[in-house]
Each structure stands twice: as C-alpha cells, then as structure tokens.
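Each chain, letter by letter, is given below.
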Protein chains: 2
Amino acid sequence: MLSYKAPVDDVLFLLRDVFHIERYDNLPGFADANIETLAAILSEGGKFCEEVLQPLNRVGDREGCKRNADGSVTTPKGFKEAYKQMAEGGWIGLSAETEYGGQGLPHTVDAAMNEFASAANMAFNMYPGLSKGAYRALSIHGSDEQKQKYLPKLASGEWSGTMNLTEPHCGTDLGLIRTKAAPQQDGSYKITGTKIFISAGEHDLSKNIIHLVLARLPDAPPGVKGISLFVVPKSLLNADGTLGMHNDVRCIAIERKMGIHASPTCTMSYGERDGAVGFLVGEPNRGLEYMFIMMNDARFGVGVQGFALGETAYQHALAYAHERIQGRDAVNGQNNVPIIRHPDVKRMLLAMRARIMASRMLAYTVAGWYDRMHHDPNPAMATKCHRYVDLLMPVIKGWCAELGNEVADIAIQVFGGSGFVEETGVAQVRRDARIITIYEGTTGIQANDLVGRKVLREGAQTLQRLTAEMREIADDLLAAEDLRSQGRVLNADLDVLEQTTQWILANGQERLADVLAVAVPFLHLLGTICGSWQMGRAALAAREKLTQDNDAYYRGIVDLARFWFTHNAPQVSSLCRVIRDGGPALTGFDPRALDLQRL
Amino acid sequence: MLSYKAPVDDVLFLLRDVFHIERYDNLPGFADANIETLAAILSEGGKFCEEVLQPLNRVGDREGCKRNADGSVTTPKGFKEAYKQMAEGGWIGLSAETEYGGQGLPHTVDAAMNEFASAANMAFNMYPGLSKGAYRALSIHGSDEQKQKYLPKLASGEWSGTMNLTEPHCGTDLGLIRTKAAPQQDGSYKITGTKIFISAGEHDLSKNIIHLVLARLPDAPPGVKGISLFVVPKSLLNADGTLGMHNDVRCIAIERKMGIHASPTCTMSYGERDGAVGFLVGEPNRGLEYMFIMMNDARFGVGVQGFALGETAYQHALAYAHERIQGRDAVNGQNNVPIIRHPDVKRMLLAMRARIMASRMLAYTVAGWYDRMHHDPNPAMATKCHRYVDLLMPVIKGWCAELGNEVADIAIQVFGGSGFVEETGVAQVRRDARIITIYEGTTGIQANDLVGRKVLREGAQTLQRLTAEMREIADDLLAAEDLRSQGRVLNADLDVLEQTTQWILANGQERLADVLAVAVPFLHLLGTICGSWQMGRAALAAREKLTQDNDAYYRGIVDLARFWFTHNAPQVSSLCRVIRDGGPALTGFDPRALDLQRL
C-alpha cells in the first residue's frame, strides 16, 4: 500500500522563506497565524490527511458510491467516520469567519490543507471542498437570515454544499439553462428541472445538503442574464431550525467514471412532485455573477488538485524508483542499481517535482493575493491583488491542472508495467487526475477567459503590471552571479510575453479567430513564464538560506530551479512560434475536409 | 455506441500517392498486390474490423478475462467466434509465407490490417499480434522441423504464440533472467521458472499456445549472453502431430489493469511438477538475439497501436464535436453551434489528426523498408533499408506510442465531462492506450537504444544518410511556391538535427550521463523532424493531385501539413534547447535532495 506524506516543509519554505508571511501580520487572520502556529496547524492537518484520509483512498476507488433504490447514495466504508473527524477537527471551517464558527485563518492556509486532503484522497475532499465554495457564495451574497441559517452549519460540516449548474443540454454554455423557478405566495420558489454532473449531489456524510441551484424566473430575459441563484436544502427546516420534511429533490442516477469513484457524480431531479422549495439568493437574474464566487473558489481548488495529485504521484514514483532494482548504471557500470540511477528515470522525477513546485508556488501566491484583496488596509494594494487574482485564476485552473495531469502520467511511466496494473495504486492517481483539466471549465474555456476577459477586455493592463513585477525577479537573478543564466532566460521570456501580448492586443479585434486558435498555447506560455518567475523566487530565497547554512534541502531547491529553467522554460520557444504562426493554419482549415477523409 | 471506420482511403493515399507502391512490383508479394488488389484487401479487412471486432471492444472492457480455478482463462463473450472468423479469413497469416499457408503479402499491408484491428479492438488484436511475432522469430531462427511443425498452425491461427521474457525481478534488464532449462536425454529441455506480464499467456481462442521462452542452460555464462530461446507448447504434440498431453505450464494469475481488460496479462509458471518440456531454438546462448526478432516485430506493432488507438480516439472526438451543440461562435456570434466551431476544439481535432497522419506515414515508411530489406534485389538498397529500419525502430515504438497516448488524452478533452464518464467509450480508449508507451520497452528504453546503439555505436552514419534523404523533401518543398515556408522550417530543423547529432557524438564518451539525460528529448526531436519530413511528403503528393483535381481531401492534406508545420514542428525549438542545456542540470542534481525535502 502506498503512503503519502504531506509536504509540510515545502509549504513552510514557501510561506516563510519565499513569501515572508510574517510581513502580513497586519491582516486579520494572519495576526493569529505566526509561522510557528502555521507549522503546528499544517503538521496536524497533514497528519490527519496521512492517517485518516489516505488509507481510505484505495477503498473509495474499489467500492465507489452506490445509489440505492430510494435515491439515497451510500459512500464507501469508512468515509462517514473520516468526515465526522474532519468536521470535528475544524478543518472544514478553517478559513470560515469566526462569527460563523470558523477558524478565521487565511485562505493561503486553507489552500495548503486543501492540497494535503486532495493529495491523500481527492474523491473524499470533493465533499468539504464544495461546502466551502457554497459557504463563500452565501457569505458574500446571501441575506443576513440566510447567512445565520446556513453558514455555521456549512462551516462546521454538519451540512454540506453543492453547485448545480450543468443540465443535460448545457455544460459550458449556461445561457441554455432551462430549470425553472416559480414564485410562491410565501416568498419562496418552486424549482423544477434536471441537473447533471452534480458532485456530492447526494450522500450520507452530512445531515443536510445545501444545493445552490441556477434557474430561471418566469419573466427572466433569455441567456445568461436571466439566471438566478437559489438555495435548495435537501431537508427543509422547521421554524425552530430543526430538520423538517424532505424537499422535492432526488438523485436519479450516478455516473460510472474513469476515476474519483468515491465522489458521486449525480443527476439531480428537482420538482418531480410539485416543485422543490428554493430561496432566492440576492437579486433576481444575477445568479451567474453570484455563482461565479463559488465557481472561482472551485476553480482555484481544482488548480490545487493539480499539484496535490501531482505530489501523490511523485511520492509514489520516487519510492518506486528507490525500491526497484533494475539494470546497469550507464556511467560507472555498476549492476543491479535502483532505477533512480538511470538518467531518464531521474529526469522524470525532477520533471514531476519541478512542475509541482512551480505550480504550487504560483497557486499559493494567488491565495495570498486573495487574502489581501479582502483584507489589505491599503485600498490600492487590495485592488491590485484583486486584479491579479482575476487575471491568473484561469492560469491556476488551466495550467496547474494540465501540469497535474502530466505529472500523474509521468508517474505511471516511472512504474513501467507495474504502473498499468491497478494493484500498485498509481493507476488510480492517474485516473482520478484525468478530470482535473475538464471540470469547472476545460482548459480551452480557461484560455478563452484569459485571452478574452482578462487580457483583451482591459487592454492587458494587469498583465503588463504583473510582467513588470516579474522583471524584478529577473533583475534579482541577474544580480546573483550563480543564477545569472536563469535571469537571462526569464528576461528573454518576459520579452516574448510582452511581444505576444502586443500581438494579441493588435489582432484581438480583426483576427479574433486566429487569436482564439492559439489561446491554449498562450495560457501555457503565461503559465510557464509564471512558473519561471516562481522558481526564480524560490532559487533566490533558497540561495540566501544556503549562505547561512549549507542545507541539502535548499541546495535541492536551487538545483530544482536550474532544472526548471533548462527543461521546462524552453517550452516558451516553441509556444511563441505556435502563437505567432499557428492561427491562420487553423482558421484557414476547412473543417469539411475532416469529414472528407474518406475518398 | 461509438463506431469506427477503417481509414482505408488515408492508407491508400499513402501507398498510392506518396509511396508509389506500384514501383515495387519487382518485389515478391508486391507483384501480386497492385493498388486495386490492395484497395480490395484493405476494404475487406477494414470491414471485418468495423463489423466484427469493434462491437466487441466495449464488451471486452466490461467483462475482461476470467481466470478459472484450473488455471484456464475465459475470454469475453464473442471473442472466440470473432477469432475464428479472423483466422478463417486468412487475416492472421496475411504476411506469412505462402509455403506455410500464409498470403505472402507485404509487411506494409499487414501493418495496415494491424492498424485497423488494433483501432477496432486493441485487446483482441493482441492475441494474433503475438502469434505473428512468434511466427517471425521461428521462421528466421527455427529448425526446418520447427518451421514445419509450428509455422502453418501459427499462420492459420489454429495455434497462437506468446513471448516470455519478464520475470518478477527483471523487466527491462533481461540479464537477470533465472528461468532454467535442463537438457534431457531425448534432446528436449525441462523448463522451470516464473514469467510475468505475459500477454495472452493463457486463453480459449486457439487450440494450442506456442510459448517462446527465454531461459538459461546449466552452463550458461551470466547476463544476457547466457540466455537461450525455447519453444514450449501448451499442449505437447503426439508423433502424428495431433495434440497430446498438457505441458507442465500453467497460468497462476492474471493482472487487474487500467485498460486492455480483454487481454489477459498472465503470470506463467513453468515446471511446477517436473519441468515443462521445451525445445531449443537455434544455438544455445543466442536467445536474446533471436527474441529480438519477435521483440522488434512487437515494438513495431506497438508503434502502430499508437496511431491506431489515436485514430479511434480521433473519430470518436470528431463525431462528438459535430453532435454536441454548445456555445456561441466567437467570430460570427451565431448561437448554439456544434463545438467543432470553437477554435480550440478544432485545434484539438487537427492536433489529433496531424499526429496520426505523421506517425502513420513514418511507420508505413518503415514497413516498406522492412519489406525491401528482405526482398530488394539490389543488395545495397536492402542493406540501406535494413539500417534505416534499425535506426528508426525505437522512434516508431517510442515516438508513435507517445503521440498515440497524447491523442487519446486530447480526445477525452474534446468530450469534456462526458469523456470522463465510462458510458461514452472514449475513456476506455484512453485507458487502453496508456500501456503503449510502456510495454515492449518504455520510451526511456527506446531513447537509450536510439542514442546508444543506433547513433553513438556507428558514429551516426545511418542517421546522417537519412538526414540527407530528408533534405531532398525540404528541397522539393522549397521549390513549390506555396510550400516554401514549410521547406524552410524543415531545412532549419534538419540543421538542428545535424548540430544535435554532432553534439551527441562529441559528448557520448566523456559526458555520457549528460547525453542520456536528454535521450528522450532527442527521441522526440528526431520523431518530430521525421514527422515533418513525412508531412512534407504528404503535402507534395496531395498538391500534385490538387492540380489535376480540386479535391477537398487533397486540400485537407495540404492544410493538415500546414497545421503540422505551425503547431507541431515548433517543438523542435524547445527540444533542442533542452538537449543543449538540460544534461548538466540533471546530472548535477544530487538525488539525495529528493529525499531531503522534509526539513
């Protein structure tokens, strides 16, 4: 059985040595979280994930969830107890406000706990993950009454949350939503419709399930501007707050999937009898805007799943590469060496670890901005952080997920034939990870969001500001003798980024099709350069530590950055050529030729 | 249920318009196969795969193989009948010699039939695929008696073959083999040992199974120079040739795998009672050399599986992209369009088709060389073809497999959430395809073979000759006005290939570790440039046809080549940087730092 060790020290290195988290102790939440406290919290959280969640990962894959004849869903053996422990430990409400019973800790800390939990048991962590998103949406747009009613229960984990967007005919294009909401005399609404792909739509872990549901009011305008958001609790509440009758909502099917078998992907039927009772959140027809709070929360969480699953895959592969004895050392001729001694196996391990560190650092940087956009006392700084979060959210979701998918695939390759066999467990990681680049908006959707809404719409102002900030790290690298070549690479790549951005701005109107044709390569370009920026930061921080203390860990970080700059950063050279030349070849291609391949 | 159409016309385009197969009618086998005959054979073969094999693909995945208490293995429902039809149709012996009951057709034709069968049902085609390899090895190194005894039965499919190399402690490093062969008075041997990962090691499709087994004689030298090859039939033969007693060989377990569930991956126990009766093939201690015939055959077949599965994945994705209505056309604003209208979806479809065509063309080019190395009346030409086959075999196995894996993954992405759900079938293609980059030698092993045995050992002579041949296509592209930019790209990339090759030659001794550190990037570099060479050939051939006849198919090929040159060929820019700079970053990395990541 494979084990998982939460990479607490990698996270502490980032928070302490790279991000200097102690500098933010003027922010609420951070004040209570000095580095010693954080270390204690992360260690305890990591231990919970290692000891409670990880052992259930395999069981979850094998057993999966079962839908019973009455529409209830039974989770795998052990999930109920683990969920209870997670809730009682306060892990679900880690970053929820203290007034609603949460721990009030920074989002950054919650991101780390999310990483550990997803790495240990991705399917399990879907349940609390969605609750957190529902909490976030209601905490911002719910009425006071709704906040009082739902937030403490969501923060404690007594109830859980879901996100109901997709319908059979509409996945990405939410303008097509057909689910109806009919106003009632008492101010509530009757919801009728079918939602598909609802993660944790029905299960037996929590006492109640709070569905956030997108639906249309009778007089709603067509398209996305006519969508409203409703709270539809599985069990309605009595006047005294106790659980009352079962609402008219039912899980009518669960999907058989390639992975995350322990997370039930439900088809939810609302209003089969006389309509499910729902309550409007905020104003009518602004549902999509509100749901975007939850969606962005989920998108960030999916980006985290990328390196979380990557870390699991990496740890498995590293352990196997030490254990597996095979072949001859090509350099010194020694026979029967562990396969980590073979250059290509070592290359794969570093390729995994470099991707994990780069994407983890980028995600935690965004998490830090998220905390500061809400709490920084300097409004200009808060606004800047908000813009950065918006700009990079599609990169976190799109790029970190793609990297996670790659890392999971490399792990199988390190295992060789044993990776394809289910017994070793790494195949499950690979199967589970495959959804990451898809749900909460595919990589293509993220890339369109990046190019259209985040770059073109504002004339790339935020991107240019971020580029300038990345230049500072390039300058610092150039100033450090042994990191100079990395500074040169980063500087040259930032030139490429500026040119490419200019190209997008210049062609975004008249040649929009050509620009969208290379949106995904652009997402990868920006992600890779952000990765170089982060690895440069890591190298600088680790190098500073090295001068005090010749620690092998810090040496390893400096060397990992060197690997990143010579193995990952070069992708920029090909991506910029694809972006420059690739549009017309795609746009000019007559798609009928694809159907005409049979003469 | 997804369907599959054998891409007969893509194959005919290659054979007729690009390779001009009619020029080889001086070779045996080709003489009987003019283009009309080939078209008829391929159409009929394609139809068999579409109508008989493809409908069993899903069933095979769901049912899998079952090992019974007596060690027998039951294949999924319908497999027996389909196998019987395949054998009776003469498809298994398509390229077997006529004197042993085969059809005597070129290897190139068999490659196409293999493609269709693997695409329709990869797991099913493993059974006859291995028989063909066993046939090949015995036809070259078997005694006359062995040939008479086994070849007709393998060619007819009445019996099937297997390949027994791997043991629990040795996968890649066959020098560690422990299975023993003890000489008997009657000239036979008693075989004792355990072999793992034996595809089709036991099943109920054929009347007998001919195991080719690597084992050590008592006086054998250690390592790979002490391995001999034995034929071990499942059922021994009576003097009159009828099937006699069951040999002392038994399937003791089958693996639970991520994919190809319908192909039993067996642990085979030889000699549990008093030794399995085996017969030496060729001379003692030359077993690995002989087995390489079968292994190269299998490696080629695995490369074919790459684009075969790719084609299936592509067809599924293309159909879905036409059917699935979602979102707004970003350019003309039309609502509710099929997703193929979204630039990124179209990009993914072309990315799939371009990879498939490039790798298919390269593989069939190698198949043509294989035919000519055996049959060309000009010994210099035969030798050249032999050298080219040897050089590119690791590229076919390594690079085509990697591309197939990528294509299968892209297909899931086109399907979005529905791709992750098992119901649509594309998830199975992805799971099945995952083994392709692993078995018969991982991509890393192929890359080491390429760099070590195929380039360094002979001072890159064959590679330089091939490079010069690729230059001719670059020149032809440069001479064609509308393909000039592609000629420039190919020429520049060939310069890169020459420089990189020189770098490998210059450093292969003193900096071997640095060279091996970038062996896989070099394999990708060579593969990508070979792909450009092939797509250039395709563009030139299609363009010539276009001048006669403005056919949308040929226009599609020209445009597909343009896509390849602007979306795939640019990878050369980053790969050459990785090759140039990446070695020391890997070699200099202290692997202990990977274990020291916990402070």
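Here the structure is a predicted model, which is why all the values come from computation and not from measurement.

## Observations concerning the overall build of chain A
Then, number 1: In terms of helices and strands, chain A carries 20 helices and 12 strands.
Then, number 2: For 599 residues, the compact-globule formula gives about 25 Å, and the C-alpha radius of gyration of chain A, at 24 Å, lands near that figure.
Then, number 3: Its C-alpha atoms give chain A principal-axis dimensions of about 80 × 65 × 55 Å.
Then, number 4: Across the 599 residues that make up chain A, the buried fraction comes to 61%.
Then, number 5: Long-range contacts, defined here as pairs at least 24 residues apart, represent 74% of the contacts in chain A between residues at least 6 apart.

## Brief notes about the environment of A:Lys132
Then, number 1: Tracing the backbone through its elements, the reader meets A:Lys132 in helix α6 (residues 122-141).
Then, number 2: We classify A:Lys132 as buried; it has 26 C-beta atoms within 10 Å.

## A look at the packing of helix α7 (residues 287-323) of chain B against helix α9 (residues 379-415) of chain B
All names here are of chain B.
Then, number 1: α9 packs onto α7 with a crossing angle of 20° between their chain directions and a minimal axis gap of 8 Å. With respect to their mutual orientation, α7 and α9 come out roughly parallel. As α7 runs across α9, the sense of the crossing is left-handed.
Then, number 2: Tallied by class, the residues present in the contact of α7 with α9 amount to 19 nonpolar, 7 polar and 2 charged.

## Points about the domain arrangement of chain A
Then, number 1: Each assigned domain of chain A is listed with its residue range as follows: domain 1 (54-89 + 121-285) and domain 2 (443-585).
Then, number 2: Domain 1 of chain A and domain 2 of chain A are separated by 38 Å when their C-alpha centres are compared.

## Looking at the interface of chain A and chain B
One frequently used descriptor of interface size is the decrease in accessible area upon assembly of the parts.
Then, number 1: Taken together, the contact pairs 82 residues of chain A with 83 residues of chain B.
Then, number 2: The residue inventory of the side of chain A that touches chain B, partitioned by class, reads 39 nonpolar, 20 polar and 23 charged.

## Section: the pairing of strand β5 (residues 189-199) of chain A
Every regular strand shows the same layout, with side chains that alternate between the two sheet faces.
Residues and elements named next belong to chain A.
Then, number 1: Buried residues dominate β5, accounting for 9 of its 11 residues.
Then, number 2: Of the strand pairs in this sheet, strand β4 (residues 180-183) and β5 are connected by 4 bridges, and their pairing is antiparallel. Bridging from a neighbouring strand, Ala181 pairs with Ile191 of β5.
Then, number 3: What sits between β4 and β5 in their antiparallel hairpin is a turn of 5 residues, with Gly187 showing a positive phi close to 90°.
Then, number 4: As judged from the 3 bridges shared by β5 and strand β12 (residues 276-281), these two strands associate in the antiparallel manner.

## Looking at the relation of the copies chain A and chain B
Then, number 1: The transformation that overlays chain A on chain B combines an axial shift of 0.0 Å with a rotation of 180°, and the residual RMSD is 0.0 Å. Such a combination of turn and shift is consistent with a two-fold rotation axis.
Then, number 2: The overlap is high: 100% of the interface residues of chain A also sit at the interface in chain B, so the same surface is used on both sides.

## Quick notes on helix α12 (residues 443-456) of chain B
All names here are of chain B.
Then, number 1: Under the 1.5 Å per step criterion, the end-to-end length of α12 is 18 Å for 14 residues, consistent within 8% with the ideal 20 Å.
Then, number 2: Of all the bends in α12, the largest measures some 25° and sits at Asp449.
Then, number 3: For α12, a buried count of 11 out of 14 residues is recorded, marking the element as mostly surrounded by other parts of the structure.
Then, number 4: Taken together, the buried positions of α12 are occupied by Thr443, Gly444, Ile445, Gln446, Ala447, Asn448, Asp449, Leu450, Val451, Lys454 and Val455.

## Looking at the nonpolar core
Then, number 1: By size, the foremost hydrophobic cluster in this structure holds 422 residues, and its most contacted members are A:Phe230, A:Ala411, B:Phe230 and B:Ala411.
Then, number 2: Sequence-distant contacts of B:Ala411, defined by excluding residues within four places in its chain, comprise B:Ala313, B:Tyr314, B:His316, B:Ala317, B:Met352, B:Gly419, B:Val426, B:Val429 and B:Arg430.

## Here we look at the pairing of strand β9 (residues 243-246) of chain A
Residues and elements named next belong to chain A.
Then, number 1: Examined bridge by bridge, strand β8 (residues 235-237) and β9 share 2 bridges and lie antiparallel to one another. Pairing of Leu237 across the sheet is with Leu243, part of β9.
Then, number 2: Between β8 and β9, which pair antiparallel and follow one another directly, the connecting turn spans 5 residues, one of which, Gly241, has a positive phi of 90°.

## As for helix α7 (residues 144-156) of chain A
All names here are of chain A.
Then, number 1: For α7, spanning 13 residues, the distance from its first C-alpha to its last is 18 Å, which sits close to the expected 18 Å at 1.5 Å a residue.
Then, number 2: A maximum bend of about 35° is found in α7 at Tyr150, where proline Pro152 lies one to four positions downstream.
Then, number 3: Of the positions making up α7, those classed as buried are Tyr150, Leu151, Lys153, Leu154 and Ala155.
Then, number 4: Structurally, α7 contributes buried residues whose contacts are with α6, β3 (159-164), β6 (208-215) and β7 (228-233).
Then, number 5: Among the residues trailing α7, Gly157 stands out with phi positive, at a value near 85°.

## Thoughts on the environment of B:Gly556
Residues and elements named next belong to chain B.
Then, number 1: Considering the arrangement of structural elements, one finds Gly556 in helix α17 (residues 552-567).
Then, number 2: Gly556 sits in the buried class, given 21 other C-beta atoms within 10 Å.
Then, number 3: Residues Gly556 and Ala542, 14 residues apart in the sequence, show an inter-C-alpha distance of 8.7 Å.

## What about unusual backbone geometry?
All names here are of chain A.
Then, number 1: One non-glycine residue, Ala200, adopts positive backbone phi at about 55°.
Then, number 2: Structurally, Ala200 is set in the loop between β5 and β6.
Then, number 3: Owing to 26 C-beta atoms within 10 Å, Ala200 belongs among the buried residues under this scheme.

## Here's the deal with the environment of A:Ile396
Residues and elements named next belong to chain A.
Then, number 1: Relative to the helices and strands, Ile396 is located in helix α10 (residues 379-415).
Then, number 2: Under the C-beta neighbour-count criterion, Ile396 is labelled buried, with 27 such atoms within 10 Å.
Then, number 3: Separated by 33 residues in the primary sequence, Ile396 and Ala363 place their C-alpha atoms 6.2 Å from one another.
Then, number 4: Contact partners of Ile396, with chain neighbours within four places excluded, come to Arg299, Phe300, Gly303, Leu362, Ala363 and Val366.

## Details of the packing of helix α14 (residues 484-507) of chain B against helix α18 (residues 571-587) of chain B
All names here are of chain B.
Then, number 1: Direction vectors running N to C along α14 and α18 enclose 15°, while the axes themselves pass 11 Å from each other. In terms of orientation, α14 and α18 fall into the roughly parallel class. Note that α14 runs across α18; the crossing there is left-handed. Seen from α14, the contacting residues are Asp493, Val496, Thr500 and Trp503; seen from α18, they are Val572, Cys576, Ile579 and Arg580.
Then, number 2: Considering only residue class, the contact of α14 with α18 consists of 5 nonpolar, 1 polar and 2 charged.

## Quick look at the confidence of the model for chain A
Then, number 1: In this model, chain A carries a mean pLDDT of 95, and residues with pLDDT of at least 70 account for 99%.
Then, number 2: We note a pTM of 0.97 for the whole complex and an ipTM of 0.96 for its interfaces.

Criteria and thresholds
Residues numbered from 1 in each chain as written. Chains lettered and ligands numbered in written order. Predicted model: local features only at pLDDT ≥ 70, side-chain atom pairs only at ≥ 80, totals over all residues. Helix = DSSP H or I, 4+ residues; strand = E, 2+ residues; numbered from the N terminus. Rg over C-alpha atoms; globule rule 2.2 N^0.38 Å. Buried ≥ 20, exposed ≤ 12 C-beta atoms within 10 Å, placed from the backbone. Contact = placed C-beta atoms within 7 Å. Axes fitted to C-alpha atoms, helices over the stretch in contact; angles between N-to-C directions. Parallel < 35°, antiparallel > 145°, perpendicular 65-115°, else oblique. Left-handed = near helix turned anticlockwise from the far one by under 90°. Nonpolar A, V, L, I, M, F, W, Y, C, P; charged D, E, K, R; others polar. Domains from an automatic or database assignment. Pairing = 2+ DSSP bridges. Least-squares fit on C-alpha atoms with pLDDT ≥ 70 in both. Expected span 1.5 Å × (residues − 1). Bend = angle between axes of the 7 residues up to and from the residue. Core = buried A, V, L, I, M, F, W, Y, C linked by C-beta atoms within 7 Å. pLDDT = per-residue confidence, 0-100.

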